[in-house]
Amino acid sequence: MANSQPDIFLTALHYLFSRSNDKIVAHCLDLDLVTSGNALQEAEERLNAVVLAQIATCYVSGNFQQLRFRAPGEYWQALAGAKELAREHLEVEVPPVVLPVKRCVISLPVYRHEAELAPAA
């Protein structure tokens, strides 16, 4: 059964970037969403698109449980030891839940980190 209102809002997003073979892997730990790209910017743009789609889908469907699906602890531990990158902001348009009265845009800070991983064997 879907919740009628979210009781937990996202206040920030935590992105962890790592290397896997010749790709950059981008992981939003708060929503446990993962993308990849040939460069960090490409991987991050793809991750931003997936994050925005996930948030919009949750608001439209009223299924706010998906906004609480966080990455496993091992990824949060990797974040603690990762190099901090420049902070960005992601503007999220929250669709009206009851009546289409006005457009609401929130800006979530994105904490970006890059993990140093050993090359694949």
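Residues numbered from 1 in each chain as written. Predicted model: local features only at pLDDT ≥ 70, side-chain atom pairs only at ≥ 80, totals over all residues. Heavy atoms only, no water.

**Student:** What should I look at first to understand the overall build of the protein chain in this one?
**Tutor:** Assigned secondary structure in the protein chain consists of 2 helices and 6 strands. Along the protein chain, from the amino end to the carboxyl end, the secondary structure elements read β-β-β-α-α-β-β-β. Looking at the protein chain residue by residue over its 121 residues, the buried ones come to 38%. Considering only residue pairs separated by 6 or more positions, the protein chain has 54% of its internal contacts joining residues 24 or more positions apart. Put simply, the protein chain shows about 7,600 Å² of open surface, and 53% of that area lies on carbon and sulfur atoms. (Helix = DSSP H or I, 4+ residues; strand = E, 2+ residues; numbered from the N terminus. Buried < 20%, exposed > 50% of the residue type's maximum accessible area, 1.4 Å probe, protein only. Contact = heavy atoms within 4.5 Å. Areas by Shrake-Rupley, 256 points an atom, 1.4 Å probe, with all protein chains shown as cover.)

**Student:** Would you mind going over unusual backbone geometry with me for this structure?
**Tutor:** As a rule of thumb, non-glycine residues mostly have phi less than zero, and peptide bonds are mostly trans rather than cis. The residue Asn21 is not glycine, and still its phi comes out positive at about 55°. Along the chain, Asn21 falls in the loop between strand E1 (13-20) and strand E2 (23-28). Judged by its relative accessible area of 64%, Asn21 is exposed. Of note in this structure, Asp32 is not a glycine but carries a positive phi near 50°. Assignment of secondary structure puts Asp32 in the loop between E2 and strand E3 (33-37). Taking the relative accessible area as the measure of exposure, Asp32 reaches 25% and is therefore partly exposed.

**Student:** Would you mind showing me how to read the confidence of the model for the protein chain here?
**Tutor:** One rule of thumb: low pLDDT means the predicted coordinates there are not for detailed reading. In the predicted model, the protein chain carries a mean pLDDT of 79, and the fraction of residues at 70 or more is 76%. Across the protein chain, element-level confidence peaks in E3 with a mean pLDDT of 95 and bottoms out in strand E6 (residues 104-114) with 68. Considering only residues more than four positions removed or in separate chains, one finds that residues 97-105, a stretch of pLDDT under 50, has 11 contacts. (pLDDT = per-residue confidence, 0-100.)

**Student:** Explanation requested: helix H1 (residues 40-61) in the structure shown.
**Tutor:** At 3.6 residues per turn, the α-helix brings residues three or four places apart onto the same side. The terminal C-alpha atoms of H1 lie 31 Å apart, and with 22 residues this matches the ideal 32 Å at 1.5 Å per residue to within 8%. Of the positions making up H1, those classed as buried are Ala43, Glu44, Leu47, Asn48, Val51, Gln54, Ile55, Cys58 and Tyr59. Down the axis of H1, the buried set is contained in an arc of 140°. They therefore lie on one face. Looking one or two residues past H1, Gly62 carries a phi angle of roughly 80°, positive in sign. (Expected span 1.5 Å × (residues − 1). Arc of directions from axis to C-beta.)

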